[in-house]
Amino acid sequence: MARPRKPLLSRDRIVEAARALVDAEGLPALSTRRLAAELGVSGPSLYNHFRTKDQILEAVADSVSAQVDLSMFEDGRDWRGALHDWAVSYRAALTLHPNIVPVLARGPGRRPAGLRVADAMFGAMVDAGWPPAQATSIGALMRYFIMGSALGSFAGGFVDDEAAYDPADYPHLGQAHLLAERQEVVDERAFDAGLRALLDGLAVQYERLPAARRTG
């Protein structure tokens, strides 16, 4: 009986394995030696596809950017609705892979999917009438907000121990020990409130633009 053949090594297979490792154990767990072992190959074989570990991390980060939905910038939605739905999709992709967020936070660099995300958002804002400088600022502030929300849980930062919040020391944190068990609800609600506040503020600025510029 013929021995089963190992799947051919490919960039996609390397990226998938590296992403799974980072998701499960964090960035420090990723090394070319560990990744090769996970794939059942020799270390040097990885270098046929990636020259360095940093290149692998860049590819992993870009694979997450590729999960962000961009259709809202192409289907005729007004700028505010498109920006809202894009932010929700962007955060959803990042919260599935929070350990790679520090790499994504460096900016898109030369990553194709990351550049497509930036290009689609910027182009949609300019097409809606935002001056390019303001569209750039909108892209920056949205990245700060989305990545910050995905990088760490506010509610998860509190321990499930009432004794940790002695009212003599923290008179306003009497319910803080309940946050951890409500982590998802608290964080989702905070993201929604923050996103609406950002969009409300941008809407005020948009109304101040010359009428000739505004298209949505």
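Everything here concerns the structure above.
Position labels on residues start from 1 in each chain and follow its written sequence. Where totals are concerned, whole chains, interfaces and linings use all residues; where local detail is concerned, this predicted model gives features only for residues with pLDDT of at least 70, and gives and counts side-chain atom pairs only at 80 or more. Values reported for side chains reflect all heavy atoms of the structure, with hydrogen atoms and water molecules removed beforehand.

## So, the nonpolar core
Line of reasoning, step 1. What is meant by a nonpolar core is a set of buried Ala, Val, Leu, Ile, Met, Phe, Trp, Tyr and Cys residues, joined one to another through side-chain atoms within 4.5 Å. Per-residue accessibility, obtained with a 1.4 Å probe over protein chains only, is compared with the maximum for each type, and a residue is labelled buried under 20%, exposed over 50%, and partly exposed between these values. Counting 55 residues, the largest nonpolar core has Phe73, Leu83, Trp86 and Trp130 as its most contacted members.
Line of reasoning, step 2. Segments assigned H or I by DSSP are reported as helices when at least four residues long, segments assigned E as strands when at least two residues long, and all are numbered from the N terminus. Put simply, the parts of the chain that give this core at least two residues each are α1 (11–25), α2 (32–39), α4 (53–65), α5 (79–96), α6 (101–104), α7 (112–127), α8 (132–151) and α9 (183–207).
Line of reasoning, step 3. It is α5 that contributes the most residues to this core, eight residues altogether.
Line of reasoning, step 4. For Phe73, the contacting residues outside a window of four places in its chain are Ala82, Leu83, Trp86, Ala120, Met121, Ala124 and Met125. For this analysis, residues touch if any pair of their heavy atoms sits within 4.5 Å.

## What to know about the packing of aromatic side chains
Line of reasoning, step 1. Only Phe, Tyr and Trp rings are paired, with Trp represented by its six-membered ring, and only when their centres lie within 6.5 Å; those with planes under 30 degrees apart are stacked, over 60 edge-to-face, the remainder tilted. Counted under the stated rule, the structure contains eight aromatic pairs.
Line of reasoning, step 2. Ring plane angle 90° and centroid distance 5.3 Å describe the contact between Trp79 and Trp130, whose orientation is recorded as edge-to-face. Of the two residues, Trp79 is situated in helix α5 and Trp130 in the loop between α7 and α8; the sequence distance between them amounts to 51 residues.
Line of reasoning, step 3. For Trp79, a relative accessible area of 6% puts it in the buried group.
Line of reasoning, step 4. Take Trp130: its relative accessible area is 0%, and that puts it in the buried class.
Line of reasoning, step 5. Relative to Tyr206, the ring of Trp79 has its centre 5.2 Å away and its plane inclined at 45°; by these criteria the two rings are tilted.

## Thoughts on the pattern of salt bridges
Line of reasoning, step 1. Between Lys or Arg on one side and Asp or Glu on the other, a salt bridge is scored when a side-chain nitrogen of the former is within 4 Å of a carboxyl oxygen of the latter. Inspection of every chain in the model, using the stated rule, returns nine salt bridges.
Line of reasoning, step 2. For Arg77, the salt bridge goes to Asp85, with nearest N and O atoms at 2.5 Å.
Line of reasoning, step 3. You can call Asp85 partly exposed: its relative accessible area is 28%.
Line of reasoning, step 4. Put simply, Asp200 and Arg80 hold a salt bridge, and the shortest N to O gap is 2.6 Å. Linking Asp200 in helix α9 with Arg80 in helix α5, this pair joins segments that are 120 residues apart in sequence.

## Comments concerning the environment of Arg77
Line of reasoning, step 1. The topology assignment puts Arg77 in the loop between α4 and α5.
Line of reasoning, step 2. Along the sequence, Arg77 and Ala124 sit 47 residues apart, while their C-alpha atoms lie 9.8 Å from each other.
Line of reasoning, step 3. Arg77 has contacts with Ser71, Met72, Ala82 and Asp85, leaving out every residue within four places of it along the chain.
Line of reasoning, step 4. A polar contact of 2.5 Å, which involves the side chain of Arg77, links it to the side chain of Asp85. Throughout this description, a polar contact denotes any pair of N or O atoms lying within 3.5 Å of each other; where both atoms belong to protein, one of them has to be capable of donating a hydrogen while the other can accept it, and for residues adjacent in sequence the pair is counted only when both atoms sit in side chains.

## Things to note about the packing of α1 against α2
Line of reasoning, step 1. One can describe the packing of α1 onto α2 by two numbers: an axis separation of 10 Å at closest approach and a directional angle of 110°. Taken together, the axis directions place α1 and α2 in an arrangement best described as roughly perpendicular. As α1 runs across α2, the sense of the crossing is right-handed. Where α1 approaches α2, its residues Arg13, Ile14, Ala17, Ala18, Leu21 and Glu25 are matched on the opposing element by Arg34, Leu35 and Leu39.
Line of reasoning, step 2. Three classes are used, and their members are as follows: Ala, Val, Leu, Ile, Met, Phe, Trp, Tyr, Cys and Pro are nonpolar, Asp, Glu, Lys and Arg are charged, and the others, Gly among them, are polar. Grouping the constituent residues of the contact of α1 with α2 by class yields six nonpolar, no polar and three charged. Angular values range over 0 to 180 degrees, each being the angle between N-to-C directions of two axes fitted as lines to C-alpha atoms, with helices fitted over their stretch in contact. Working definition: roughly parallel below 35 degrees, roughly antiparallel above 145 degrees, roughly perpendicular at 65 to 115 degrees, and oblique for all remaining angles. Two helices crossing with the near one rotated counterclockwise from the far one by less than a right angle form a left-handed crossing, whereas a clockwise rotation gives a right-handed crossing.

## A few points about the side chain of Arg19
Line of reasoning, step 1. Turning to its location among the elements, Arg19 is positioned in helix α1.
Line of reasoning, step 2. The charge count treats Lys and Arg as positive and Asp and Glu as negative. His and the chain ends do not count. Asp23 provides the closest opposite charge to the buried, salt-bridge-free Arg19, at an N-O distance of 4.9 Å.
Line of reasoning, step 3. For Arg19, the contacting residues outside a window of four places in its chain are Val60, Ser63, Val64 and His97.

## Focus: α5
Line of reasoning, step 1. Here α5 is 18 residues long and its end C-alpha atoms lie 26 Å apart, about the 26 Å a rise of 1.5 Å per residue gives.
Line of reasoning, step 2. Buried residues along α5 sit in contact with α4, α6, α7, α8 and α9.
Line of reasoning, step 3. Two or three places before Arg80, at the start of α5, stands the capping residue Asp78, its side-chain oxygen 3.1 Å from that residue's backbone nitrogen. Expected span of a helix, by definition, is 1.5 Å for each gap between consecutive residues, and there is one gap fewer than residues.

## Points about α1
Because an α-helix completes one turn every 3.6 residues, residues spaced three or four positions apart along the sequence face the same direction.
Line of reasoning, step 1. With 15 residues, α1 extends 21 Å from end C-alpha to end C-alpha; this agrees with the ideal 21 Å at 1.5 Å per step.
Line of reasoning, step 2. Within the span of α1, buried status applies to Ile14, Val15, Ala17, Ala18, Arg19, Leu21 and Val22.
Line of reasoning, step 3. Contact partners of the buried residues in α1: α2, α3 (43–46) and α4.

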